Amino acid sequence: MGGLNILIQGGLLGGFYALFAIGLSLSFGIMRLVNIAHGDFIVLSAYVGMLAIQGTGLDPFSSLVIVVPAMFVLGYAVQRGLLNFTLAGGLLPPLLVTFGISVIIQNGLLQGFGAYDHRLHEGPIETASLHLPGGIDVGVYPLVVFAVAVLGIAALQLLFYQTRLGRAFRAVSDDADTAELMGIDNRKLYALALGIAMVFTAIAGVLFGIRTIFDPAAGPIRLILAFEAVIIGGLGSMWGTLVGGMVLGIAQAIGAALNPNWQILAGHIAFLVILIIRPNGLFPRTRD
Amino acid sequence: MTLLLRTQNLSAFYGDFQALFGIDVEIGQGETVAIIGANGAGKTTFLRAVAGALAAPPEAVMFEGRAIGGMAPHDIVRLGIAMVPEGRRLFQSLSVEENLLLGSHSERNGPWSLRRVYELFPRLRELRRLPAPSLSGGQQQMAAIGRALMSNPRLLLCDELSLGLAPVVIRDIYQCLGAITAEGTTVVLVEQDINRALDASARFYCFQEGRLALAAPTKNFDRAALTAAYFGM
């Protein structure tokens, strides 16, 4: 495998990790919420997609018209009805509560669906590939996922910098107390923020279910990958999260090229090395 | 004179610490009133309680005859009370214009708009694309006042406008107050700079250690009484 090929395959894989990480990056950036249940919400989305597909006969991509609104509503409700009550007490209460949510989701899925593997089937696109000059083959599906990640982040940037709602999100992120004094209803805004984060979680979940098998315990590993992408990229920076995902993907591709057993390990090592060299990540934005 | 704001026996706490002890204040429609007092007298606490940032019994804060004590700050903004917080507190990652626009989040109608704020502070129009932290202290204070005006308040609470600013800058900012009160806006000035505050207002209240020590008109009051009320001697 040539060096260029490793970069391309790893970079595309990184789009996938970035997609995992967008929701986490958003909820941390706006409300400093470290959502331990983030990976489980991704897996939950895949199961919701599976139910939607079984119930309606839609294909996985089309099932997003059901999964996305469902997860938005769930996110809004969880923030409004539960997490908003944990905000006053510092970092620890939301950490513990989302840890509890994580346990509930994993065991709820285990109870409802058993410990079996599931997959979502999208058809020929899963194995289709493009032949580039130089003997490099690029999978169509990884390309689609990467494009979704880029478009998703671009859409969020538009929201943040071109809309009234986005301006309010940035203000609350800067200084929540003053934002409230200027007429912003922080609690409602936080609920919207987790709702929007869940839109990306829903997309990530369904695309994840098409790419690989999932089971009720698949969440924590997604959480770790998402965390690493967010932290490599720098807290609060959306494009940084994309770069963070790509760094992770490329490190894994390099590791795998050296020895297939080293793929996952190489990603974690890259994460640790960047933490040592740049503890705030590559493009930090959020101030504490 | 129509009463706009009245506090009755208003007390406020930070945890177990009591910062205000039964404050009774009355502010009429269109007045400019100063609240003075030494550091820690409870001036800022009073403003924060009126703005809803601190808990209070409903009847302790009456605004236009309505009990608003303990309401959420964003609901109080919607009723027409705006705050220029101590230390400006502009949003650091927003541009000057975005800071101003954020002030209009409550969508109250009234005389103030982006155009009117730029007429009042022409310098801000030139600086509108810059990030808020790149402005000088005086310019930031103008932006903070403009941001509060964008909510078209009936009552404007100004906390330490002069803090950390050069005398010539303070003079410029206080000159703009006239244009604000000319729109019928009622202004409460909290200041440690006593003379500045008294020059700009018709009446004053002096707080001392969380209690009301003196209330008087700013013309022909007894300086010795003010000294006693201020220092508690």
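Everything here concerns the structure above.
Only a predicted model underlies this, so the values are computations on that prediction, with no experimental measurement involved.

Quick notes on the sheet that holds strand β10 (residues 211-217) of chain B
All names here are of chain B.
Then, in step 1: Read from one edge to the other, the open sheet built from 6 strands follows the order β6-β7-β8-β3-β9-β10, with strand pairing classed as mixed. Two strands bound the open sheet, and with one partner strand each, they are β6 (81-84) and β10. Pairs of neighbouring strands in the sheet enclose a mean axial angle of 20 degrees, with direction left out of account.
Then, in step 2: Bridge count between strand β9 (residues 203-208) and β10: 6 bridges; the pairing is antiparallel. Among the inter-strand pairings, C206 is bridged to a residue of β10, identified as L214.

Observations regarding unusual backbone geometry
If a residue is not glycine, its phi is most likely negative; likewise, a peptide bond is most likely trans.
All names here are of chain B.
Then, in step 1: The phi torsion at N152 lies on the positive side, around 45 degrees, for a residue other than glycine.
Then, in step 2: Within the element layout of this structure, N152 appears in the loop between α6 (137-149) and β7 (155-159).
Then, in step 3: A residue is classified by how many C-beta atoms lie within 10 Å of it, and N152, with 21 of them, is buried.
Then, in step 4: With a phi angle near 45 degrees, E209 is a residue other than glycine that sits in the positive phi range.
Then, in step 5: Checked against the element boundaries, E209 lands in the loop between β9 and β10.
Then, in step 6: Under the C-beta neighbour-count criterion, E209 is labelled partly exposed, with 14 such atoms within 10 Å.

Re the sheet that holds strand β4 (residues 61-63) of chain B
All names here are of chain B.
Then, in step 1: Read across the sheet, 4 strands follow the order β2-β1-β4-β5 without closing on themselves; strand pairing throughout is antiparallel. On the outer flanks of this sheet lie β2 (17-28) and β5 (66-67), each paired with one strand and no other.
Then, in step 2: Sheet topology note: the β4/β5 ladder contains 2 bridges and is antiparallel. Within the sheet, the bridge partner assigned to F63 lies in β5 and is R66.
Then, in step 3: Packed onto the sheet, helix α1 (residues 43-51) meets β1 (3-14), β2 and β4 and runs at close to 70 degrees relative to β2.

About the criteria used
Residues numbered from 1 in each chain as written. Chains lettered and ligands numbered in written order. Predicted model: local features only at pLDDT ≥ 70, side-chain atom pairs only at ≥ 80, totals over all residues. Pairing = 2+ DSSP bridges. Helix = DSSP H or I, 4+ residues; strand = E, 2+ residues; numbered from the N terminus. Axes fitted to C-alpha atoms, helices over the stretch in contact; angles between N-to-C directions. Buried ≥ 20, exposed ≤ 12 C-beta atoms within 10 Å, placed from the backbone. Contact = placed C-beta atoms within 7 Å.

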